[in-house]
Amino acid sequence: MIVQGQNATSATTADVPRRNWAGNVRYAARAFHRPTSTDELRRLVAGSTRIRAVGSGHSFNRFGDTDGDLVTLAGLPQAVDVDHERGQVTVSGAMRYGDVARQLHTQGYALANLASLPHISVAGAVATATHGSGQTHGNLATAVAGLELVTADGDLLRVDRDADGDTFAGMVVGLGALGLVTRVTLDVVPAFELRQYVSLDLHREALDEALGSAYSVSVFTDWRTPRLREVWRKQVADQSPPADWLGTTAATEPRHPVLGMPPENCTPQLGEPGPWHERLPHFKLGFTPSSGDELQSEYHVPRTAAAAALAALDDVAHLIAPVLLVCELRTVAADELWLSPNHQRDSFVVHFTWIDDTAAVLPVVAAVEERLAPFAPRPHWGKVFVTDPAELATRYPRYADFTAQLTHLDPTGKFRTDLLDRYFPR
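What you see is a predicted model, and the numbers here were worked out from it, not measured in a lab.

Draft legend 1. Main features of the packing of aromatic side chains. Applying the stated criterion across every chain, the model contains 15 aromatic pairs. Arranged with centres 5.9 Å apart and planes meeting at 75°, the rings of Phe-63 and Trp-381 form a pair that is edge-to-face. In this pair, Phe-63 sits in the loop between β3 (51–54) and β4 (69–72) while Trp-381 sits in the loop between β20 (378–379) and α9 (389–394), placing the two residues 318 residues apart along the sequence. Of the two residues examined, Phe-63 and Trp-381, each falls in the buried class. An aromatic cluster of at least three residues, connected via ring pairs, comprises Phe-63, Trp-381, Phe-385, Tyr-396, Tyr-399, Phe-402, Tyr-423 and Phe-424. Its end group placed over the ring of Phe-32, Arg-18 keeps NZ or CZ at 3.8 Å from the ring centre. Of note, Arg-233 hangs over the ring of Trp-245, and the distance from its end group to the ring centre comes to 4.4 Å.

Below, the structure is given as structure tokens:
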């Protein structure tokens, strides 16, 4: 459904962040805006020739950069509206997942999964198919049942999973290229509790069993030894794992994924029960997540290729280790979203948190991609990758369909960026 807009420009400007979260991207925008109403946003979009929205800024590349207008939607009214009958919640797209989760929990509801950081915005995470972990859990975009967005002409477009079907599947993971998302409707489940356990020193031969052993599982390694340093298990069941679970040793004190960083920043461990939104993320909402000064890359390969993919990376472990802070291994269930890295295949995900040194990291990223190439890796859209555009297009069956939809909804390229033009040429 489309609501007609007004073709007038907005003069609203504000102190919007000039850099991304990691600081490796300085936005090239000519003007920065913080509208306080949807009507103001619609006028701004209608009057702009180039415009992009910035969420939490937790992207490590220039897909979200623009030489036109950069707008934050954080000034729009916030809302968490639960539809008890349909089992859904409609939230403001600029809200952080951690803030949404707190309000949902007070009403007895939960989201089925969360990413490791609760600091990220709903619209931004959905647009890039950001995810948590768990063999039966899709990425965060799979929970989306509806979107409201401002299109290139300033109209308000509402799309629904049930009513719009295949077209909807092509819009959810939209890279911010189809419009500015103002509201998102998400599926919810009854609130639940989890316990988080950390086990140390996992044999690689036990990785497959470990990844399927709990509601959500993350495995951390440093590529300095064949062993996997830590397994973080978030489980619903009350029983604790055996002390020698899969030949590991149970951690006896809280841990941080990045060695040397304070564990106080992380969600409670050691089997202490707590609400879903205080266990599914690795990091607490009120603390600096991860290490802060870092770059990130991530690759999704078929779930069945986990062992082979790790074996292939062994050949470049000597390159990875010197520029690595930590590597996280996770799983994500398949979906039908056109640009989801998990499109039509269950995925094994290899995530790298690098040191903050682009010149040192990029050659290693290229080496990683070369070793993973036989497994048709799909990079996370919001992280650092160097994949050839023509090659990446072959890894998504609906790539051409998305390009056509992009052209249809944004014929003048108002939401395009240089990096979007590189990967989705007109």
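Draft legend 2. Seen up close, the packing of helix α6 (residues 306–314) against helix α8 (residues 358–372). Contact pair α6 / α8: the axes reach a minimum separation of 9 Å and the direction vectors enclose 135°. One finds that α6 runs oblique with respect to α8. Both α6 and α8 take part in a crossing whose hand is right-handed. Of the residues in α8, those in contact with Ala-309, Ala-312 and Leu-313 of α6 are Val-368, Arg-371 and Leu-372. Here the residues of the contact of α6 with α8 are counted per class, giving five nonpolar, no polar and one charged.

Draft legend 3. Local environment of unusual backbone geometry. The backbone phi angle of Asp-201 is positive, close to 65°, even though this residue is not glycine. For Asp-201, the position within the fold is in strand β12 (residues 193–202). Accessibility expressed as a relative area gives 35% for Asp-201, which makes it partly exposed. Positive phi, close to 50°, is recorded for Leu-246, a residue that is not glycine. Along the chain, the position of Leu-246 falls in the loop between β14 (228–235) and β15 (249–250).

Rules used in this analysis
Residues numbered from 1 in each chain as written. Predicted model: local features only at pLDDT ≥ 70, side-chain atom pairs only at ≥ 80, totals over all residues. Heavy atoms only, no water. Phe/Tyr/Trp six-rings, centres within 6.5 Å; stacked < 30°, edge-to-face > 60°. Helix = DSSP H or I, 4+ residues; strand = E, 2+ residues; numbered from the N terminus. Buried < 20%, exposed > 50% of the residue type's maximum accessible area, 1.4 Å probe, protein only. Lys NZ or Arg CZ within 6 Å of the ring centre and 35° of its normal. Axes fitted to C-alpha atoms, helices over the stretch in contact; angles between N-to-C directions. Parallel < 35°, antiparallel > 145°, perpendicular 65-115°, else oblique. Left-handed = near helix turned anticlockwise from the far one by under 90°. Contact = heavy atoms within 4.5 Å. Nonpolar A, V, L, I, M, F, W, Y, C, P; charged D, E, K, R; others polar.

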